[in-house]
Amino acid sequence: MQTTWKGTISFGLVSIPVHLYSATQEHDVPLHQVHARDGGRVRMKRYCEREEKEVPYAEIAKGYESPDGRTVTLTDEDLADLPLPSKKIIDVLAFVDAGDIDPLMFSKAYYVGVADQAAAKPYALLRDALLESGQIAVTKIALRTRESPAVLRVHEGTLVLQTCIWPDEVRPAAGIAPEGDVTVRPQELKMARSLMDTLSEDFDISQLHDDYQRALQQVITARLEGVELPHEEEAGEAPDNVIDLMEALRSSLRQAKGGHEAEESAEEKQPRKRAPAKKAAAKKTGAAAAAKKTTAKKTTTRKSAPPRAS
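Keep in mind the model is a prediction, meaning the values are calculated, not measured.

1. Side note on the overall build of the protein chain
For step 1, the next point in the chain: When you go through the protein chain residue by residue, the secondary structure sums to seven helices and 12 strands.
For step 2, the next point in the chain: Sequence separation of at least 24 residues holds for 59% of the intrachain contacts in the protein chain that already meet a minimum separation of 6.
For step 3, the next point in the chain: Accessible area for the protein chain stands at about 25,300 Å²; split by element, carbon and sulfur atoms hold 54% of it.

This is how it looks when you write it as structure tokens:
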């Protein structure tokens, strides 16, 4: 795995030499720009406006244009020598509960590995302390051309550094949620919670897959083979759940349970269908009891009758 950053975690007076490795990778189908008429590749050229010619990548630098039109050129050396404490040090600033950091702030994740064996013990110390406390460490780090807040947490026994955006980079959500008082009835909330519980049963996020990439690959394969493109069946109009929210919840719950509620309803009706048979059985039992009583009465009468004269 390629190293992304080399530096040191500063944990009080404890220093841990570490390397960062990208913890994620995206699996996009690689696409590039082509001329729609003939499929010719369209490439972006680096063109200098002053000299009116293409320039090689080795001569490219970063620049800043001031409001009065002046341009400042910054070389890679200028950026590498910035007077920035977080350039090579991940300084642990505080330890907080994970819930104290808004998930909107989370950005890219990196695995943290030790730079040498001597860093193994302080690495394990910080990892175990985070696990025992259930907290995460708040830090800052400079990666490439940006300094970012970050957090250190534990994932599968490995320290992970998760960069964040700055708090003032999170846009306010004012005016987006529905305005005014919206009343949610207790039975609606109860039904929604029941639906949530049902949908969460046996859920495994590792079983999710990228349907878009599969569909795109099918279209590319069809183009290459010169066959008809696959098409998805047209979806019907989305139901208006706002008209009857409770009925929409009930239908969703029945669908999630796989018709379980329908089976229960059928079972509830079955005892009512067997009721006539029970009445007939009761009538038959009563008749048998009456016949038995009559027979017993006759037997008693015969026993009490006087004997015949000889």
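2. Concerning the nonpolar core
For step 1, the next point in the chain: With 20 residues, the main nonpolar core has Ile9, Leu20, Val112, Ile141, Leu152 and Leu161 as its most contacted residues.
For step 2, the next point in the chain: Grouped together as the second largest cluster of nonpolar side chains are six residues, Ile101, Ile136, Val151 and Cys164 included.

3. Remarks on the sheet that holds strand E9 (residues 106–114)
For step 1, the next point in the chain: Read across the open sheet, the eight strands follow the order E7-E1-E2-E9-E12-E11-E10-E8; overall the sheet is mixed. Every other strand in the sheet has two partners, leaving strand E7 (89–91) and strand E8 (94–97) as the edge strands with one partner each. Strand-to-strand twist of the sheet, defined as the mean angle between neighbouring strand axes without regard to direction, takes the value 40°.
For step 2, the next point in the chain: Strands in contact with helix H2 (residues 120–133) are strand E1 (3–11), strand E2 (14–22), E8, E9, strand E10 (135–143), strand E11 (146–155) and strand E12 (158–164); relative to E11, the strand with the most contacts, it is inclined by about 75°.

4. So, the layout of surface pockets
Rolled over the atoms, a probe with the dimensions of a water molecule shows which regions are left empty.
For step 1, the next point in the chain: Approximately 510 Å³ is the volume found for the largest pocket.
For step 2, the next point in the chain: Around the largest pocket, the lining is made up of 13 residues, and of these Tyr47, Cys48, Glu49, Glu59 and Ala61 lie nearest the centre.
For step 3, the next point in the chain: Sorting the residues of the lining of the largest pocket by element identifies strand E3 (47–48), strand E5 (62–65) and strand E6 (71–74) as the ones contributing at least two each.
For step 4, the next point in the chain: If you trace the second largest pocket, you find 16 residues lining it, with Leu79, Ala142, Leu143, Arg144 and Thr145 closest to the centre.
For step 5, the next point in the chain: Broken down by secondary-structure element, the contributors of at least two residues to the lining of the second largest pocket are E1, helix H1 (76–80), E10 and E11.
For step 6, the next point in the chain: The biggest single contributor to the lining of the second largest pocket is H1, with three residues.
For step 7, the next point in the chain: Counted by class, the lining of the second largest pocket contains seven nonpolar, two polar and seven charged residues.

5. Points about the side chain of threonine 198
For step 1, the next point in the chain: With respect to the element layout, threonine 198 can be found in helix H3 (residues 186–200).
For step 2, the next point in the chain: By relative accessible area, which is 12% here, threonine 198 ends up buried.
For step 3, the next point in the chain: Within the structure, threonine 198 has its side chain in polar contact with the backbone oxygen of serine 194 (distance 2.9 Å).
For step 4, the next point in the chain: Ignoring sequence-local partners within four residues, the contact set of threonine 198 consists of Leu253, Ala256 and Lys257.

6. Some words on the confidence of the model for the protein chain
For step 1, the next point in the chain: On average, residues of the protein chain score 81 in pLDDT, and 79% of them are at 70 or above.
For step 2, the next point in the chain: Here helix H7 (residues 275–304) is the element of the protein chain with the lowest mean pLDDT, 46, and E12 is the one with the highest, 97.
For step 3, the next point in the chain: Considering only residues more than four positions removed or in separate chains, one finds that residues 271–285, a stretch of pLDDT under 50, has zero contacts.

7. Describing the packing of aromatic side chains
For step 1, the next point in the chain: In this structure the tally under the stated criterion is one aromatic pair.
For step 2, the next point in the chain: Ring plane angle 75° and centroid distance 5.7 Å describe the contact between phenylalanine 11 and phenylalanine 95, whose orientation is recorded as edge-to-face. Taken together, the residues phenylalanine 11 in strand E1 and phenylalanine 95 in strand E8 connect sequence positions 84 residues apart.
For step 3, the next point in the chain: A residue is classified by how much of its surface remains accessible, and phenylalanine 95, at 33% relative accessible area, is partly exposed.
For step 4, the next point in the chain: The ring centre of tyrosine 110 lies 5.8 Å from the NZ or CZ of lysine 108, which sits over that ring.

8. A word on the pairing of E11
For step 1, the next point in the chain: In the sheet, E10 pairs with E11 via seven bridges, with the strands oriented antiparallel. Residue pairing in the sheet places alanine 137 in a bridge with leucine 152 of E11.
For step 2, the next point in the chain: Connecting E10 to the next strand, E11, in antiparallel fashion are two residues, including arginine 144 with a positive phi near 55°.
For step 3, the next point in the chain: Between the antiparallel neighbours E11 and E12 lie two residues, among them glutamate 156 with a positive phi of about 50°.

9. A closer look at the side chain of serine 148
For step 1, the next point in the chain: Along the chain, serine 148 turns up in strand E11.
For step 2, the next point in the chain: A polar contact of 3.3 Å, which involves the side chain of serine 148, links it to the side chain of arginine 146.
For step 3, the next point in the chain: When residues no more than four places from it in sequence are discounted, the contact partners of serine 148 are Thr139, Lys140, Ile141, Thr163, Cys164 and Trp166.

10. Side note on a negative patch on the surface
For step 1, the next point in the chain: Residues Asp76, Glu77, Asp78 and Asp81 make up a contiguous surface patch of negative charge.
For step 2, the next point in the chain: By the element assignment, aspartate 78 lies in helix H1.
For step 3, the next point in the chain: The class for aspartate 78 is partly exposed, based on a relative accessible area of 37%.

11. Considering the packing of H3 against helix H5 (residues 245–256)
For step 1, the next point in the chain: Contact geometry for H3 and H5: axes closest at 10 Å, N-to-C directions at 20°. The orientation of H3 with respect to H5, classified from their angle, is roughly parallel. Of the two elements, H3 crosses H5, and the hand of that crossing is left-handed. Between H3 and H5, the residues in contact are Gln187, Glu188, Met191, Ala192, Ser194, Leu195, Thr198 and Leu199 and Leu245, Met246, Leu249, Arg250, Ser252, Leu253 and Ala256, respectively.
For step 2, the next point in the chain: Taken together, the residues of the contact of H3 with H5 break down into nine nonpolar, four polar and two charged.

How each quantity is defined
- Residues numbered from 1 in each chain as written.
- Predicted model: local features only at pLDDT ≥ 70, side-chain atom pairs only at ≥ 80, totals over all residues.
- Heavy atoms only, no water.
- Helix = DSSP H or I, 4+ residues; strand = E, 2+ residues; numbered from the N terminus.
- Contact = heavy atoms within 4.5 Å.
- Areas by Shrake-Rupley, 256 points an atom, 1.4 Å probe, with all protein chains shown as cover.
- Core = buried A, V, L, I, M, F, W, Y, C linked by side-chain atoms within 4.5 Å.
- Buried < 20%, exposed > 50% of the residue type's maximum accessible area, 1.4 Å probe, protein only.
- Pairing = 2+ DSSP bridges.
- Axes fitted to C-alpha atoms, helices over the stretch in contact; angles between N-to-C directions.
- 1 Å grid on protein atoms, 1.4 Å probe; cavity = no way out; pocket = protein on both sides within 12 Å on 5 of 7 lines; lining within 4 Å.
- Points joined across faces, edges and corners; volume = space filled by probe spheres on them.
- Nonpolar A, V, L, I, M, F, W, Y, C, P; charged D, E, K, R; others polar.
- Polar contact = N/O pair within 3.5 Å; in protein donor to acceptor, adjacent residues only side chain to side chain.
- pLDDT = per-residue confidence, 0-100.
- Phe/Tyr/Trp six-rings, centres within 6.5 Å; stacked < 30°, edge-to-face > 60°.
- Lys NZ or Arg CZ within 6 Å of the ring centre and 35° of its normal.
- Patch = residues over 30% accessible without salt bridge, like charges linked within 9 Å, V, L, I, M, F, W, Y side chains within 5 Å.
- Salt bridge = Lys/Arg side-chain N within 4 Å of Asp/Glu carboxyl O.
- Lys, Arg positive; Asp, Glu negative; His and termini not counted.
- Charge placed at Lys NZ, Arg CZ, Asp CG, Glu CD.
- Parallel < 35°, antiparallel > 145°, perpendicular 65-115°, else oblique.
- Left-handed = near helix turned anticlockwise from the far one by under 90°.

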